[in-house]
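Topology and contacts: notes
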Amino acid sequence: MTAPTTLPELERTVASRRRPALSYELFPARTDTTFERLRDTIAQLETTAPDYVSVTSRTGQRNLARVLELTDHVLRETDLRPLVHVTSIGSSRAELRTVVEALLDRGVRGILALRGDQEEGHDLEDDEIPFARPLVDLIREVERERTAALAGGRVSVGVAAYPHRHPESPTSQHDLEVLLSKERAGADFAITQVFFDPAEYCALIAKTRDAGLRMPVIPGFVPATNPRRLERLGELSGVPLPRDLMHSLETARDESEQRRIGVRWTVDLITRVLDAGAPGLHLFTFNRHAESLDVLESLDLDRWSDPTAPSPTTSGPNAPGPTTIDPTTGDAR
């Protein structure tokens, strides 16, 4: 009979600090053919040992069958943990409760609570849960009812954060107040919308900590290799695009050069944000693994995992300001 592991042995084998958190965003497939391609992408991304993968959802749960298909695949055929998006807009309270219960029944323990995109002609006053904060309330309500089934465990609930003002928000201060209200409702962490200036992320962290926010805010990045995709992102998010990057991409000789330029630019952006102390990174993959893997290969996340390593420095016109963030707690200091 093998003797139980002793505490000193555990202390020797447990790293004093983990690498930055790593996660990817995936879209449910629209057809069986694209699902097969998505399975290959997931297999490739799994080799990097991410902490979780997020599964997006369309407004009104219109692609719920495909969301569940992808979620089931992740749960049953991989070692990955899914963070499933639930959008409140266009759904009744009863419908949202059904979705949350179905996810918990499947073994999902991570949910990203979002309002969702407001489509033209939709009136938020028609929704029983028109914003993410009351959706967080609902998730916690279902969780309390299932405490025994969850063995006393807790569902991890994420929300969205905005380094650049939300296009529908009157002010950045309003965005901050909304984020604080979501934490008070029970959110555990936030993932940011895309941004292209590291100073914007550092400014967001400084403001949230000054306001008393305690949950970690994970920066979201898109591999900036496709100018058309970036233009679309800019239109949807209202985030201004970097002119130098767009010019370089649009004048590149071919897609291979675009990919080299975009990967190099993305690596520089992520490096500056991690150097400032961000607790991790979330990559919006658009169901493509090659660019994300290129980014990770150049990043070498272990660089930020060694607590004895000298503090990295940044320079240049886009270097973040003096704000630094404790990578273990997300606290600004």
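Just so it is clear, the structure is predicted and the values come from calculations on it, not from any experiment.

Conventions and cut-offs
- Residues numbered from 1 in each chain as written.
- Predicted model: local features only at pLDDT ≥ 70, side-chain atom pairs only at ≥ 80, totals over all residues.
- Heavy atoms only, no water.
- Helix = DSSP H or I, 4+ residues; strand = E, 2+ residues; numbered from the N terminus.
- Buried < 20%, exposed > 50% of the residue type's maximum accessible area, 1.4 Å probe, protein only.
- Contact = heavy atoms within 4.5 Å.
- Areas by Shrake-Rupley, 256 points an atom, 1.4 Å probe, with all protein chains shown as cover.
- Pairing = 2+ DSSP bridges.
- Axes fitted to C-alpha atoms, helices over the stretch in contact; angles between N-to-C directions.
- Parallel < 35°, antiparallel > 145°, perpendicular 65-115°, else oblique.
- Left-handed = near helix turned anticlockwise from the far one by under 90°.
- Nonpolar A, V, L, I, M, F, W, Y, C, P; charged D, E, K, R; others polar.
- Core = buried A, V, L, I, M, F, W, Y, C linked by side-chain atoms within 4.5 Å.
- Right-handed = clockwise from strand over helix to strand, strands pointing away.
- Salt bridge = Lys/Arg side-chain N within 4 Å of Asp/Glu carboxyl O.
- Phe/Tyr/Trp six-rings, centres within 6.5 Å; stacked < 30°, edge-to-face > 60°.

1. Re the overall build of the protein chain
Assigned secondary structure in the protein chain consists of 11 helices and nine strands. Burial analysis of the protein chain (333 residues in total) assigns 50% to the buried set. By sequence separation, contacts in the protein chain at least 24 residues apart represent 77% of the contacts at least 6 residues apart. Carbon together with sulfur atoms contributes 48% to the accessible area of the protein chain, which is approximately 16800 Å² in total.

2. Structural notes on the sheet that holds strand β5 (residues 156-161)
A sheet is described by the order of its strands in space; here nine strands give the open sequence β7-β6-β5-β4-β3-β2-β1-β9-β8, paired in parallel fashion. Among the strands making up the open sheet, the edge pair consists of β7 (217-218) and β8 (220-221). Judged from the four bridges that link them, strand β1 (residues 21-26) and strand β2 (residues 52-55) form a sheet pairing that is parallel. Opposite Glu 25, over in β2, you have Ser 54 as the bridge partner. Together, β1 and β9 (280-284) form the strand contacts of helix α11 (residues 290-299), whose direction differs from that of β9 by roughly 155°.

3. Points about the packing of helix α9 (residues 243-250) against helix α10 (residues 255-275)
At their nearest, the axes of α9 and α10 sit 9 Å apart, and the two run at 160° to each other. Classified by the angle their axes make, α9 and α10 are roughly antiparallel. In terms of crossing hand, the pair formed by α9 and α10 is right-handed. Together, Asp 244, Leu 245, Ser 248 and Leu 249 of α9 and Gln 258, Ile 261, Gly 262 and Trp 265 of α10 make up the contact between the two elements. Residues belonging to the contact of α9 with α10 are distributed by class as follows: four nonpolar, three polar and one charged.

4. What to know about unusual backbone geometry
Unlike most non-glycine residues, Asn 287 shows phi in positive territory, near 60°. Counting through the fold element by element, Asn 287 comes out in the loop between β9 and α11.

5. Remarks on the nonpolar core
Counting residues in each nonpolar core, the largest one holds 79 residues, and the members touching the most others are Leu 230, Leu 281 and Leu 299. If you tally residues by element for this core, the top one is α10, at eight residues. Counting eight residues, the second-largest nonpolar core is a separate cluster that includes Tyr 52, Leu 114, Ala 160 and Ile 191.

6. Quick notes on the environment of Val 74
In this fold, Val 74 is placed in helix α3 (residues 64-77). Each C-alpha atom of the pair Val 74 and Ala 43 lies 9.9 Å from the other, and the pair is 31 residues apart in sequence. Setting aside residues no more than four positions away along its own chain, Val 74 makes contact with Val 53, Leu 80, Arg 81 and Pro 82.

7. What to know about the packing of helix α4 (residues 93-106) against helix α5 (residues 132-145)
Axis angle and axis distance: for two packed helices, these are the angle between their axes and the distance between the axes, and together they describe the pair. Packing of α4 against α5 brings their axes to within 10 Å, and their N-to-C directions diverge by 50°. Taken together, the axes of α4 and α5 lie oblique to each other. When you trace α4 past α5, the crossing you get is right-handed. Across from Arg 93, Leu 96, Arg 97, Val 100, Glu 101 and Leu 104 in α4, the residues of α5 making contact are Leu 135, Leu 138, Ile 139, Glu 141, Val 142 and Glu 145. Grouping the amino acids of the contact of α4 with α5 by side-chain chemistry returns seven nonpolar, no polar and five charged.

8. Considerations on the pairing of strand β6 (residues 189-192)
Of the two faces of β6, both are covered, the one formed by Phe 189 and Ile 191 as well as the one formed by Ala 190 and Thr 192. As paired strands, β5 and β6 are joined by four bridges and run parallel to one another. Paired with Val 159 across the two strands is Ala 190, which belongs to β6. As paired elements, β6 and β7 share two bridges and run parallel to each other. Bridge pairing links Ile 191 to Ile 218 in β7. Of the crossover connections in this fold, the one passing from β6 over helix α7 (residues 198-210) to the parallel β7 is right-handed.

9. A look at the pattern of salt bridges
Two side chains bearing opposite charge may form a pair once their charged atoms approach each other closely. Evaluated as defined, the whole model comprises 23 salt bridges. Two residues, Asp 188 and Arg 154, come together in a salt bridge whose shortest N-O distance is 2.5 Å. Here Arg 154 lies in the loop between α5 and β5 and Asp 188 lies in the loop between α6 (172-185) and β6, a separation of 34 residues in the sequence. Residue Glu 257 is joined to Arg 253 by a salt bridge in which the shortest nitrogen-to-oxygen separation is 3.6 Å. Exposure remark for Glu 257: the relative accessible area of 17% places this residue in the buried category. Here the salt bridges do not stand alone but share partners, grouping Arg 93, Arg 97, Glu 101, Glu 141 and Glu 145 into one network.

10. As for the packing of aromatic side chains
Any aromatic ring pair is given by two values, namely how distant the centres are and how the planes are angled relative to each other. For the coordinates displayed, the defined rule picks out five aromatic pairs. When the ring of Tyr 52 is compared with that of Phe 189, the centres are 6.3 Å apart and the planes differ by 50°; the resulting orientation is tilted. Of the two residues, Tyr 52 sits in strand β2 while Phe 189 sits in strand β6, which places them 137 residues apart along the sequence. Under the relative-accessibility criterion, Tyr 52 is labelled buried at 14%. Judged by relative accessible area, Phe 189 falls into the buried class, the value being 9%. Seen in terms of ring centroids, Phe 195 and Phe 221 are 5.4 Å apart; in terms of plane orientation they differ by 55°. Their pairing is tilted. Of this pair, Phe 195 sits in the loop between β6 and α7 while Phe 221 sits in strand β8, placing them 26 residues apart in sequence. For the pair Phe 195 and Phe 221, a shared accessibility class is recorded, and that class is buried. Among the aromatic residues, those joined into a ring-pair cluster are Phe 195, Tyr 201 and Phe 221.

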